[in-house]
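Summary of structural features
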Amino acid sequence: MTVLTEDRIASAQRPARRRRRNFRRLDQLISLAILVIALVTWQLSVVWFKIPAFVFPAPLDVAAWLIRGFSVPIGNNASFIAHLGVTGFEAATGFVAGCVIGVGLGFTLAHNARAERIVYPYIQAFNALPKIAIAPLMVVWLGFGLEPKIWMAAILVFFPMLVNSMAGYHSVEPDRIDLARACGATRAQIFWKIIVPSSMPFIFAGLHMACVLAVLGAIVGEFVGARAGLGMLLLQYNNNMQVGGVFAVLIVLGAIGYGLNVIMQRLEAKVCFWARRQKSFGAN
Amino acid sequence: MSNAVVTKLKPIAPAPTLIEAQDLNKVYETATGEEVTALANVSFSIREGEFICIVGRSGCGKSTLMKIMAGLLDCTSGSIAINGRPITAPSVDVGIVFQQPVLLPWRTIYQNVIFPVEIRKADMIEYAPRAKDLLRMVGLEGFEERYPHELSGGMQQRAAIVRALVQNPKLLLMDEPFGALDAMTREQMNLELMKIWHSYQKTVIFITHSIPESVLLSDRVIAMTPRPGKIAEIIEIDLPRPRTLDMISSDRFGVYASHIRQLLQASEGLD
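Here the structure is a predicted model, which means the values were calculated and not measured.

All right, on to unusual backbone geometry then. Trans peptide bonds make up the majority, and among non-glycine residues the majority have a negative phi. A cis geometry characterises the amide bond from B:Arg227 onward to B:Pro228, with omega recorded as -10 degrees. Residue position: B:Pro228 is located in the loop between strand S9 (220-225) and strand S10 (230-236). Phi is positive for A:Met241, close to 60 degrees, though the residue is something other than glycine. Within the secondary structure, A:Met241 is located in the loop between helix H9 (230-239) and helix H10 (243-271). Residue B:Val102 is not a glycine yet carries a positive backbone phi of 50 degrees. Relative to the helices and strands, B:Val102 is located in the loop between strand S6 (94-97) and helix H2 (109-113). A tally of 23 C-beta atoms within 10 Å means that B:Val102 is categorised as buried.

This part is about the interface of chain A and chain B. Across the boundary between the two partners, chain A contributes 14 residues, which contact 16 residues of chain B. Elements with a contribution of two residues or more to the side of chain A that touches chain B: helix H7 (174-182) and helix H8 (187-224) of chain A. When residues of the side of chain A that touches chain B are assigned to their parent elements, the largest contribution, seven residues, is made by H7(A). Classifying every residue of the side of chain A that touches chain B gives eight nonpolar, two polar and four charged.

All names here are of chain B. For S9, a buried count of five out of six residues is recorded, marking the element as mostly surrounded by other parts of the structure. Here four bridges tie strand S3 (residues 51-55) to S9, and the two strands are oriented parallel to one another. Note on S9: the bridge partner recorded for cysteine 53 is valine 221. The pairing of S9 with S10 spans six bridges and is classified as antiparallel. Bridging across to S10, methionine 224 finds its partner in isoleucine 231. In textbook terms, the turn of a hairpin is the stretch between consecutive antiparallel strands, and for S9 and S10 this stretch comprises four residues, one of which, arginine 227, has a positive phi near 45 degrees.

A word on the environment of B:Arg57. Residues and elements named next belong to chain B. Among the secondary structure elements, arginine 57 is positioned in the loop between S3 and helix H1 (62-70). Sequence separation between arginine 57 and leucine 264 is 207 residues, and the spatial gap between their C-alpha atoms is 7.5 Å. With near-sequence residues (within four places) excluded, arginine 57 lies in contact with His209, Pro226 and Leu264.

Interface size is commonly expressed as the accessible surface area that is lost when the partners come together. Residues and elements named next belong to chain B. Domain boundaries assigned for chain B yield domain 1 (17-93 + 169-270) and domain 2 (103-168). A straight line from the C-alpha centre of domain 1 to that of domain 2 covers 25 Å. Tallying the contact residues gives 12 residues for domain 1 and 10 residues for domain 2. In terms of residue count, the dominant contributor to the side of domain 1 that touches domain 2 is helix H6 (residues 183-200) (five residues). Tallied by class, residues from the side of domain 1 that touches domain 2 come to 10 nonpolar, one polar and one charged.

Analysis parameters
Residues numbered from 1 in each chain as written. Chains lettered and ligands numbered in written order. Predicted model: local features only at pLDDT ≥ 70, side-chain atom pairs only at ≥ 80, totals over all residues. Helix = DSSP H or I, 4+ residues; strand = E, 2+ residues; numbered from the N terminus. Buried ≥ 20, exposed ≤ 12 C-beta atoms within 10 Å, placed from the backbone. Contact = placed C-beta atoms within 7 Å. Nonpolar A, V, L, I, M, F, W, Y, C, P; charged D, E, K, R; others polar. Pairing = 2+ DSSP bridges. Domains from an automatic or database assignment.

See below:
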């Protein structure tokens, strides 16, 4: 009986699914068409209304900036690749540092209820602070090198990782821990075989935010004072009224953010294939 | 495995005692500092190979008792021993099945079933054939590489039973294992459980709040009443084995069931 009905439902669903897939492809096409139309309109209006390039550059102008940025030799100050390398290094190092410290402290606090009660109010208070505002202080303390950018990125990454790893730890079903204990598991086994994998969906919710925040932290750090990096370059173009260059850098930054998100999604699908997307607990 | 023994023969000499509890007490302290007596003077003695059901309404301390027997919880006073040794920590001799399957979703069914072996750092290869045998026994052959979310609730609970049995424990503790299943699946699981019990010669302690389920399964029913959790009576169920679902409508079954119901209802009248 049930098998029959399920079969019927399945066969009824098959053409529907195909139709849905066709619709999705159509939607993607429409999406792309909107972009093309917007770009063409933008190009034409800039030309017709004679908008100066230092106010609003035409898309072809921006494209020229992009091509130039990626084609000049790496030694050149206009090379996007060189600046990308610097910003990438700052963001990546800060990301790793923020993740390690955030998750490490998150699990430690979640494990010690007393420590959590004592420390958590301070963490919340510090988290309420607009952390970008401490960037100038970083320059005072750490100078104009890479360190202040790395620490800006690390601080921004730290909070979502801390909050999410704590939430992950607390979300572990007590039954799972009882199961492991009934099997004679040691504390270390409970941690590595139950708590860490159970927390993974929460950790990933944090990582999604963290990878974007790491780039943000590096850029903000560069805004305050830097010799290299995409943030510095952006500021330089802005000051020189080279708005085409500003747009080009913004596009590069957007692409980085998008790329990181795709990587995280792939990684999550691989590691947390068993979990439906769970609630994320964010810190801005 | 078993030599096709259809009815369970009454042992000539009584089987040796497997688990013995004497004057068990468990007192919890709540967050507000109040003391709650979960178990009061609980004493019983269970022989090897017995199928025991502990029945009672929620709050009668049956889950507390279960955790003490599993070595997950200490008692406040009294003594409890398995094979003459006091229970102080979880033991290989005890397998446990929870109300939920509690399968780890990132592990395949086989990896879940072998989990206790892995935790105890025992030889995984040595236990592999046993795990495979048990999976076949409960009809999960071919599902070894599947993940829990791909299985129905009943199948997941079967895998949980296999996990509890994989290290060949003497005692199988089951805490309302079929409570989350639909009525049809539940009846079928009861029959399968009796089959497993019979062929593997286990001692089973099965917690339930279903009176018919307790009568159907047990050699003896321990009826518990709440606040404080104590044993109202231990009832010997003298129905022939193997038990069938038809027995539920028999007169003797009804007599047992209504007797237990009265015991449990009497406790309600008191508070």
